[in-house]
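These are the residues of each chain, in order.
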Amino acid sequence: MDGSPQQDAGTLKEVAIAETVVATPTEHSWTRVQAQVSRAVPRLRAIATQAILLGPIIGASTDFWGGGGSGRGC
Amino acid sequence: MSVVPAPPVIDFHAALARWTDSSATLAPPTVWLTALQQLGVTLGGAESLVERFVQAWSRLYSATLLLDHLQDDDELGDAWLATQPEALQYHLAFSAYALANRDLAELASALPPTRGLQLHELWSTTVLQMAIGQYRDLSLPVASLGDAQQALDAYEELAAQKTGAAFALALGGCVQVATDDVVQIDAAVNVGLLLGMLLQYYDDLLDRGSQAAQPGTLTLARAWAAQLATGVDEHSIPMLWILIYGHYHRGLNAILVALPDAAQAIIRELVQTMFGPAPDVPIASSTGEAVSVQPA
């Protein structure tokens, strides 16, 4: 270590990053959950593209709202 | 000279019970809570402890629903609550959360220490995501989203952070109360996330008639409209939902295999109750070839 301003700034940045990682463990575990789930389903935009392509070919019945329609999503 | 009687003063807990009890408009439907209870008990959780978690989650969900309704200026569905000053309405949402947090602390202290800590971590992780999601929902101008991919990606992320995180906590927490099996807990969290996202899409498409009053809100139909030069044709909405449900149902089934058969059956029944039978429609595979989605 030569104590130069550049090195001090670099050290401070490393400390700040380390503190951020320690301070936000929950962010990291949520990222892991999302990564796992994203492997199970296609992106919404890919599904929307399929709907555009398949809609005119297949059509859809009007009784597709099969559930009770909770109205309780948030 | 007639004297107008002062409105009765309602005790704090009675005031909360009015709109958070199981039959209240802003409470999660009983069928959801019953399924959560069954899930935890099936996996070996003590009935009283699972019940405590379900109660905590139900109060948290009610608090979130009330906050969301107030922020969107929606009908509250309870005459007493609707006539209260806005400041008190917001305070009741916070109070329901405080009560839920107390339920959680009492529950965690009754669990083995490590399990209690992990339950706290799951709770704080998912509640933080719900808060971030709601912040983004309220602060993200639809007009700023640019192209269609950005709009749909942003909407998808909101669905994961809002209702997705709420259900990741619901299912994951029930299993966390019952077991230390990380594979089962992970599966329940992941299934809950997908289930919550599905609910967000479903409610959003069903509610689209009333969304005209909130032109700045990012909805699924608006995000999709950005992808279509001609705007969304009402007849194409069913196809969008059927494909979403088909893909997510397949994803749910793939994740569910990590859970015992009895737990799988409870979750499949819950999905069917919420959204009806899974569609049997052709879905293009990643290679573009049409494949069939099998019904449940």
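Because the structure is a prediction, the values reported are computed rather than measured. (Residues numbered from 1 in each chain as written. Chains lettered and ligands numbered in written order. Predicted model: local features only at pLDDT ≥ 70, side-chain atom pairs only at ≥ 80, totals over all residues.)

### Regarding the overall build of chain B
Thinking step 1. Within chain B, the regular secondary structure consists of 11 helices and two strands.
Thinking step 2. Scanning chain B from its N terminus toward the C terminus, one meets helices and strands in the order α-α-α-α-α-α-α-α-α-α-α-β-β.
Thinking step 3. Per-residue burial for chain B yields a buried fraction of 43% across its 296 residues.
Thinking step 4. Considering only intrachain contacts with a sequence separation of at least 6, the fraction spanning at least 24 residues in chain B is 71%. (Helix = DSSP H or I, 4+ residues; strand = E, 2+ residues; numbered from the N terminus. Buried ≥ 20, exposed ≤ 12 C-beta atoms within 10 Å, placed from the backbone. Contact = placed C-beta atoms within 7 Å.)

### Notes on the environment of B:Gly40
Residue and element names in this part refer to chain B.
Thinking step 1. By secondary structure assignment, the location of Gly40 is in helix α2 (residues 30-42).
Thinking step 2. On a C-alpha basis, the gap between Gly40 and Ala263 in space is 8.5 Å, while along the polypeptide they are 223 residues apart.
Thinking step 3. Those residues in contact with Gly40 that lie beyond four places of it in its chain are Gly45, Val50, Phe53, Cys174, Val175, Val177 and Ala178.

### A short note on the nonpolar core
Residues and elements named next belong to chain B.
Thinking step 1. In terms of nonpolar packing, the biggest core is built from 100 residues, with Leu39, Leu171, Cys174, Leu194 and Leu198 touching the most fellow members.
Thinking step 2. For this core, the leading source of residues is helix α7 (residues 148-178), giving 17 residues.
Thinking step 3. Setting aside anything within four residues of it in sequence, one finds Leu39 in contact with Leu171, Cys174, Val175, Ala263, Ile266 and Ile267. (Core = buried A, V, L, I, M, F, W, Y, C linked by C-beta atoms within 7 Å.)

### Overview of the packing of helix α3 (residues 47-72) of chain B against helix α5 (residues 86-110) of chain B
Residue and element names in this part refer to chain B.
Thinking step 1. Contact geometry of α3 with α5 gives a least axis separation of 8 Å together with a crossing angle of 160 degrees. If you check the angle between α3 and α5, you find them roughly antiparallel. Crossing of α3 against α5: the hand is left-handed.
Thinking step 2. Its residues assigned to classes, the contact of α3 with α5 comprises 18 nonpolar, three polar and four charged. (Axes fitted to C-alpha atoms, helices over the stretch in contact; angles between N-to-C directions. Parallel < 35°, antiparallel > 145°, perpendicular 65-115°, else oblique. Left-handed = near helix turned anticlockwise from the far one by under 90°. Nonpolar A, V, L, I, M, F, W, Y, C, P; charged D, E, K, R; others polar.)

### Observations concerning α3(B)
Thinking step 1. Here α3(B) contains 26 residues, and its C-alpha end-to-end distance of 37 Å stays within 8% of the 38 Å for a straight helix at 1.5 Å per residue.
Thinking step 2. Positive phi appears at B:Asp73, one or two residues downstream of α3(B), with a value of about 60 degrees. (Expected span 1.5 Å × (residues − 1).)

### Observations regarding the packing of helix α8 (residues 182-206) of chain B against helix α11 (residues 261-275) of chain B
All names here are of chain B.
Thinking step 1. Contact geometry of α8 with α11 gives a least axis separation of 11 Å together with a crossing angle of 5 degrees. The angle between α8 and α11 falls in the class roughly parallel. Contact with α8, carried on its side by Val191, Leu195, Leu198, Leu199 and Tyr202, involves Ile267, Val271, Met274 and Phe275 of α11 and no other residues of that element.
Thinking step 2. Considering only residue class, the contact of α8 with α11 consists of nine nonpolar, no polar and no charged.

### Some details on the confidence of the model for chain A
Residue and element names in this part refer to chain A.
Thinking step 1. For chain A, per-residue confidence averages 64 on the pLDDT scale, and 35% of positions sit at 70 or higher.
Thinking step 2. Looking over chain A, one finds the lowest element-wise mean pLDDT in helix α1 (residues 5-23), namely 48, and the highest in helix α3 (residues 44-58), namely 78.
Thinking step 3. Every residue in residues 15-25 is under pLDDT 50, and counting partners more than four places away or in other chains gives zero contacts. (pLDDT = per-residue confidence, 0-100.)

### Observations concerning helix α6 (residues 113-139) of chain B
Think of an α-helix as turning once every 3.6 residues; residues three or four places apart then point the same way.
Thinking step 1. Along its 27 residues, α6(B) runs 39 Å from first to last C-alpha, staying within 8% of the 39 Å computed at 1.5 Å per residue.
Thinking step 2. Residues of α6(B) that are buried: B:Leu119, B:Leu122, B:Trp123, B:Thr125, B:Thr126, B:Val127, B:Gln129, B:Met130, B:Gly133 and B:Asp137.

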